[in-house]
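So the chains spell out like this:
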Amino acid sequence: MDDDVNRSGAPRDDVAGLTAGDVAGGPLPVHVACVMDGNGRWASRRGLPRTEGHAAGEEALLDAVEGALELGIPWITMYAFSTENWKRPADEVRYLMGFNESLLMRRRDELNEKGVRIRFAGRRDWRVPKRVLRRMDESIELTKGNRRCTLTMAFNYGGRAEIVDAVQALVAAGTPASKITEKAIRAHLYFPDHPDPDLVVRTSGEHRISNFLLWQIAYSELVFDDVLWPDFRRQNLFAAVRDFQQRQRRYGGVT
Ligand code: FPP
């Protein structure tokens, strides 16, 4: 939860002038995943209800997608609601369900026109209102032919839940223990065709993963930005990519 109002979060002047061209010449991540954290603190600092911070986060989300499109990044995943976020106050949970639904209605045509395929990773359980599931299905259907970029919204998503679901599916199919391998588990994740994220960005100065893509981030590069999510713009993405380009990836080997 992000209710500490006193830490971090000034918008970063140091990245304001960055452009896609500043990083486009170097190695680019194929898949970027973001933990959109800090909406509540952004709102609290302005004396606003936390929900206003989520509303302000919409602009940041769309601008981050624009940045990814500018760079030609083909996969982007956004953490929009975790399996643990049901513990938030009931009013906020209700707001977030409605907000995700209305965000899809407001933005799906625009995303579709830009060639973005929309997907959702997470559990479609009874707690997700039917009308939200309907909007999700409509958005998937509308955009399923797009290939410029796949935007996956992690919604009612938990990394542990995803691994449990994969193992349960294998066991339910009668898979013998000796066949429950890394390859088999991967093949039963929500989207086996997604490449693992090369880069994970978390905003708001928190340095943790919070149950995001636990299987897939085994060798991801992690970048933590102090900016609160509503102040995130494509320049912050470019800065994260610039950090990524300084990293040496070894995957357990030597260089
Ligand atoms: C993880 O932190 C962060 C998330 C699951 C992102 C939550 C994002 C929203 C609710 C806003 C979505 C905004 C848009 C624009 C769609 P955590 O707070 O769940 O975990 P923590 O307790 O470890 O910090």
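To keep things clear, this report deals only with the structure shown in the data block. Bear in mind that the values here come from a model prediction, so they are computed numbers and not experimental data.

1. Here we look at the site of the ligand
Here is step 1: Near the ligand, the surroundings consist of 20 residues, among which Gly57, Tyr79, Ala80, Ser82 and Ser210 are the closest.
Here is step 2: For the shell around the ligand, the secondary structure elements donating two or more residues are helix H3 (50-71) and strand S2 (75-82).
Here is step 3: Along the lines of polarity and charge, the residues of the shell around the ligand split into eight nonpolar, six polar and six charged.

2. Description of the pairing of strand S3 (residues 116-121)
Here is step 1: In terms of residue burial, S3 counts as a mostly covered element, since six of its six residues are buried.
Here is step 2: Neither face of S3 is exposed, since Val116, Ile118 and Phe120 on one face and Arg117, Arg119 and Ala121 on the opposite face are all buried.

3. Some remarks on the pairing of strand S5 (residues 199-202)
Here is step 1: Along S5, one buried face is formed by Leu199 and Val201 and the opposite face, lined by Val200 and Arg202, is buried too.
Here is step 2: Across four bridges, strand S1 (residues 31-35) lies against S5 in parallel orientation. Among the inter-strand pairings, Cys34 is bridged to a residue of S5, identified as Val201.

Scoring rules and cut-offs
- Residues numbered from 1 in each chain as written.
- Predicted model: local features only at pLDDT ≥ 70, side-chain atom pairs only at ≥ 80, totals over all residues.
- Near = placed C-beta within 6 Å.
- Helix = DSSP H or I, 4+ residues; strand = E, 2+ residues; numbered from the N terminus.
- Nonpolar A, V, L, I, M, F, W, Y, C, P; charged D, E, K, R; others polar.
- Buried ≥ 20, exposed ≤ 12 C-beta atoms within 10 Å, placed from the backbone.
- Pairing = 2+ DSSP bridges.

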